[in-house]
Amino acid sequence: MDPVLAIILIIAISVVVGIIAFIGGVQYRKKIGEDKIGSAEQEAARIVEEAQRSAEATQKEAVIAGKDEAHRLLSNAEKEISDRRREMQRQERRIQQKEETVEKKLDSLEKKEEAIAQKNKAVDNRLAEAEKIKQSEFEMLEKISGLTAEQAKAYIISNLENELTHEKAVKIMEFEQKTRDESERAAREIISLAIQRVAADHVSESTVSVVPLPSDEMKGRIIGREGRNIRAIETITGVDLIIDDTPEAITLSCFEPVKREIARVMLEKLISDGRIHPARIEEMYEKARREVEAMIRSEGERAIIEAGVNGIHPELVKLLGRLHFRTSYGQNVLDHSLEVAYLCGIMASELGLEPTMARRAGLLHDIGKALDHEIEGSHIEIGVDVARKYKESEIVVHAIHAHHGDVEAKTIIACLVQAADAISAARPGARRENIENYIKRLEKLEEVASSFDGVERSFAIQAGREVRIIVKPDLVKDDEMVLLARDICKKIEEEVEYPGQIKVNIIRESRAVDYAK
């Protein structure tokens, strides 16, 4: 037999056997499945039957329990209804009792109202009778006094006003005296200590602009041929030369003190050199200007060292040096600023404050006077602008702004600068005043004092330190003198500029004259 056929035959037989075995297995599994399905249907029927029996039993039990619960709820509801019915009956009885009580009270109130109405009627009758009696008494009083009711009222009000004026004046005097005593005692101690510790030169300085000459012949050389030398000097320096009959002297006239100082130094150099012509004048002017600028720096540095302050801008140091050539009422402004700085530092130390800032504010308070010939405005405004420009602290700026009372002093240092400035300016001999301004100030004081009603005459005495006022005794009472003095002081403070303080002294004189015959 061919081997290939044999293999094919074997494969075919194997396939047939496998198919027969597969079909047999399928039939066997089908039979087993049908057997299991039958047993499952039986088991399901059994479970359903048991569930039906259990449900019927549970239903019976639930019906029984529901009936019991309904019976219990019904019993509770009946009991609650019974309790509420009894409560309502009790409330009804209480309400009925209250109604009876209210009715009784209403009856009582009606009776009281009737009694009150009768009493009110009686009171009205009594009031009417009292009014008639009062009116008759008023009429009788008017006849007796000879005054109507309005006149009597005005008289009483006038007396009351007089009494109140007297009491007010007394209270003001007591309060002012007490405050004055306490403040003066403390201020006197601090200021006296500060003044004692500051050894300053109090004599007013006289800044002269006179250049001495070796001989009167030098005047002609200074004038030069056809006046060319004097014109050159005046042009380059900005200073007017006054050459008059004064022997061996030339007067320099200029509002700017530094220019005047440069011109003075230049003239002294020209006179000592002897060669006076336009070219030499320009050369000597440059030398004199450099010398004065060096002197300005030196004086400014000396001031800050003596005042014990540091960190001041170099431009402010130069401005301080310029104050050395500036005077105010004859008082050297730099020396005045140093004195104010010393006084501020001492008073600040006595008050427990930092003295360095106080000395700084005192030293710079008049810095604007170094530029008031060059810049428009008061020295206070100029000083405030300059201090802010060179980054000074607001404490110093405010002290500069407030040291003449242009603005209200809001810091203790500003108040100290005000006080120290007044002390330095008011020392005997510290300042001088020209006769014209002096007379105007006295006349202004007398004018302010005489502007009040009741003032008969006024006199400014003691170089304007006191105003003596004589009032009309029939117009100004004793109690009103205190108020009048206070009002005059306020008006003087508002309208008059003066150093230190002014005493207002009011005199009221009453005289009784008779003749024995």
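Residue numbering note: each chain is counted from 1, following its sequence as written. In keeping with the predicted nature of the model, local features appear solely for residues at pLDDT of at least 70, side-chain atom pairs appear and are counted solely at 80 or more, and the whole-chain, interface and lining totals rest on all residues. Side-chain measures were taken over the full set of non-hydrogen atoms in the model, leaving aside hydrogen atoms and water.

K.L.:
Got a minute to help me understand the packing of aromatic side chains in this structure?
P.N.:
Both the distance between ring centres and the angle between the ring planes are used here to describe each pair of aromatic rings. The pairing test for Phe, Tyr and Trp rings, Trp by its six-membered ring, is centres within 6.5 Å, and the orientation test on the planes gives stacked under 30 degrees, edge-to-face over 60, and tilted for anything in between. Throughout the structure, instances matching the rule amount to zero aromatic pairs. Note on geometry: a ring has a charge over it if NZ (lysine) or CZ (arginine) is within 6 Å of the ring centre and within 35 degrees of the ring normal. The ring of F452 carries K491 above its face, with NZ or CZ at 5.4 Å from the centroid.

K.L.:
Which parts of the structure should I look at to understand the packing of helix α6 (residues 278-307) against helix α8 (residues 333-350)?
P.N.:
If you want to describe how two helices pack, look at the angle between their axes and the distance between the axes. Angles here are taken between N-to-C directions and fall from 0 to 180 degrees, while the axes themselves are lines fitted to C-alpha atoms, restricted in helices to the stretch in contact. Starting at the N terminus, helices and strands are each numbered in turn, a helix being any DSSP run of H or I of at least four residues and a strand any DSSP run of E of at least two. The contact between α6 and α8 brings their axes to 10 Å, and the two run at 15°. Relative to α8, α6 is oriented roughly parallel. In this structure, α6 crosses over α8, and the sense of that crossing is right-handed. Residues E299, R302, A303, E306 and A307 of α6 touch α8, and the partners they reach there are L334, D335, L338, A341 and Y342. Here the word oblique covers every angle except those under 35 degrees (roughly parallel), over 145 (roughly antiparallel) and from 65 to 115 (roughly perpendicular). In this scheme, a crossing is called left-handed if the near helix is turned counterclockwise away from the far one by less than a right angle; it is called right-handed if the turn is clockwise. Only heavy atoms matter for contacts: two residues are in contact if any of them lie within 4.5 Å across the pair.

K.L.:
Explain the layout of surface pockets to me, please; I cannot follow it from the model alone.
P.N.:
Once rolled over the atoms, a probe with the size of a water molecule shows which space is left empty. Cavities and pockets are defined on a 1 Å grid built over the protein atoms alone: a cavity is a set of grid points where a 1.4 Å probe fits but cannot escape, while a pocket is an open set with protein on both sides within 12 Å along at least five of seven lines, and lining residues are those with an atom within 4 Å of any such point. Grid points are joined across faces, edges and corners, and a volume is the space filled by probe spheres set on the points. In this model, the second largest pocket occupies a volume close to 330 Å³. Taken together, 18 residues line the second largest pocket, and the ones lying closest to its centre are I296, K318, L319, R322 and E374. For the lining of the second largest pocket, the elements supplying multiple residues, two or more each, are α5 (257-273), α6, α7 (314-322) and α10 (379-389). For the lining of the second largest pocket, the element with the highest residue contribution is α6, accounting for five residues. Three classes are used, and their members are as follows: Ala, Val, Leu, Ile, Met, Phe, Trp, Tyr, Cys and Pro are nonpolar, Asp, Glu, Lys and Arg are charged, and the others, Gly among them, are polar. Residues belonging to the lining of the second largest pocket are distributed by class as follows: eight nonpolar, no polar and ten charged.

K.L.:
How should I be thinking about a negative patch on the surface in this particular structure?
P.N.:
There is a patch of like negative charges on the surface, built from E99, E100, E103, D107, E110, E113 and E114. As for its position among the elements, E114 is in helix α1 (residues 3-145). Patch building starts from residues that exceed 30% relative accessible area and form no salt bridge, then joins like charges within 9 Å and nonpolar side chains (Val, Leu, Ile, Met, Phe, Trp, Tyr) within 5 Å. All accessibility values rest on the Shrake-Rupley procedure with a 1.4 Å probe; residue burial counts only the protein chains present in the view. Any carboxyl oxygen of Asp or Glu that lies within 4 Å of a side-chain nitrogen of Lys or Arg is treated as forming a salt bridge with it. Charge assignment: positive for Lys and Arg, negative for Asp and Glu; neither His nor the chain ends contribute. For charged residues, the charge sits on one atom: NZ in Lys, CZ in Arg, CG in Asp, CD in Glu.

K.L.:
In this structure, what is going on with the environment of V386? I would like to understand it.
P.N.:
Mapped onto the fold, V386 is located in helix α10. A C-alpha to C-alpha distance of 9.8 Å links V386 and L319, two positions 67 residues apart in sequence. Leaving out residues up to four positions away in the same chain, V386 has contacts with L316, L319 and L371.

K.L.:
What is the right way to look at α5 in this model?
P.N.:
An α-helix turns once per 3.6 residues; consequently, residues spaced three or four apart project the same way. Here, expected helix span is obtained from the residue count minus one, scaled by 1.5 Å. When the terminal C-alpha atoms of α5 are compared, their 24 Å separation across 17 residues agrees well with the 24 Å that a helix rising 1.5 Å per residue should span. G274 occupies a position one or two residues after α5 and carries a positive phi of about 90°.

K.L.:
Just to check I follow, could you spell out empty space enclosed by the protein for this structure?
P.N.:
Taken as a whole, this structure holds one cavity of 30 Å³ or more when the rule is applied. Looking at the largest cavity, its volume works out to about 30 Å³. Taken together, E256, P257, V258, R322, R326, K369, A370 and H373 make up the lining of the largest cavity.

K.L.:
Honestly, the sheet that holds strand β1 (residues 210-212) in this entry has me stumped. Any pointers?
P.N.:
What holds strands together in a sheet is hydrogen bonding between their backbones, with the strands either parallel or antiparallel. Spatial ordering of the open sheet is given by β1-β3-β2, a layout of three strands whose pairing is antiparallel. Each of the sheet's edge strands pairs with one partner strand only, and the pair in question is β1 and β2 (240-242). When strand polarity is set aside, the average angle formed by the axes of neighbouring strands in this sheet is 30°. For two strands to count as paired, DSSP must find a minimum of two bridges between them. Examined bridge by bridge, β1 and strand β3 (residues 249-253) share three bridges and lie antiparallel to one another. The partner of V210 across the bridge, within β3, is T251.

K.L.:
I'm lost on the side chain of E392 in this one. Help?
P.N.:
Checked against the element boundaries, E392 lands in the loop between α10 and α11 (394-402). The cut-offs for exposure are 20% and 50% of the maximum accessible area for each residue type, with area from a 1.4 Å probe on protein chains only; residues under the lower value are buried, those over the upper are exposed, and the others partly exposed. For E392, a relative accessible area of 8% translates into the label buried. In this view, E392 contacts L316, R360, L364, A387 and V397; residues no more than four positions away in its chain are not counted.

K.L.:
What is the right way to look at a nonpolar patch on the surface in this model?
P.N.:
Residues I7, I11, V15, I19, F22, I23 and V26 make up a contiguous nonpolar surface patch of roughly 670 Å² in combined accessible area. With respect to the helices and strands, the residue V26 is situated in helix α1.

K.L.:
Before we go on, may I ask you to explain the confidence of the model for the chain in this structure?
P.N.:
A low pLDDT means the predicted coordinates there should not be read in detail. Taken residue by residue, the chain gives an average pLDDT of 80. The fraction at 70 or more is 89%. For every residue, the predictor reports its confidence as pLDDT, a number between 0 and 100. Note that pLDDT drops below 50 for residues 199-208; the model gives that stretch 21 contacts with residues more than four away or on any other chain.

K.L.:
How should α6 be read in this particular structure?
P.N.:
Taking 1.5 Å as the rise per residue, α6 with 30 residues should run 44 Å; its terminal C-alpha atoms sit 43 Å apart, in good agreement. Considered for burial, the residues of α6 that qualify are R280, I281, M284, Y285, A288, V292, I296, E299, G300, A303, I304 and A307. Lining the buried residues of α6 we find α4 (228-237), α5, α7, α8 and α9 (355-364).

K.L.:
Would you explain the pattern of salt bridges in this entry?
P.N.:
As a working rule, side chains carrying opposite charge can pair if their charged atoms are close by. Tallied over the full model, the rule gives 21 salt bridges. Here E49 makes a salt bridge to R53, at a shortest N to O gap of 3.2 Å. Of this pair, E49 and R53 both sit in helix α1, four residues apart, which is roughly one turn of the helix. A relative accessible area of 46% means that E49 is categorised as partly exposed. Between K287 and E283 there is a salt bridge; the shortest N-O distance is 3.9 Å. On the criterion of helical spacing, the pair formed by K287 and E283 is a turn pair, its members being four residues apart in helix α6. Using a relative accessible area of 37% as the deciding quantity, one classes E283 as partly exposed. One connected set of salt bridges, linked through shared partners, spans E261, R264 and E268.

K.L.:
Any chance you could explain the side chain of E466 here in plain terms?
P.N.:
Residue position: E466 is located in strand β7 (residues 466-471). The exposure class assigned to E466 is buried, which follows from its relative accessible area of 7%. What qualifies as a polar contact is a pair of N or O atoms within 3.5 Å, subject to a donor-acceptor requirement within protein and to the restriction that residues adjacent in sequence count only when both atoms come from side chains. Within the structure, E466 has its side chain in polar contact with the side chain of N505 (distance 3.4 Å). Those residues within four positions of E466 in sequence are excluded, and the remaining contacts are F459, A460, I461, I502, K503 and N505.

K.L.:
I'm lost on the sheet that holds β7 in this one. Help?
P.N.:
The strand order across the open sheet formed by three strands is β6-β7-β8, and the pairing between neighbours is mixed. At either margin of the open sheet sits one strand with a lone partner, and together these are β6 (455-461) and β8 (503-508). Going across the sheet, the axis of each strand differs from the next one's by a mean of 20°, ignoring polarity. Where β7 and β8 come together, six bridges link them in parallel fashion. Bridge pairing links V467 to V504 in β8. Sitting on the sheet, helix α14 (residues 478-495) touches β6, β7 and β8, and the angle it makes with β8 is about 150°.

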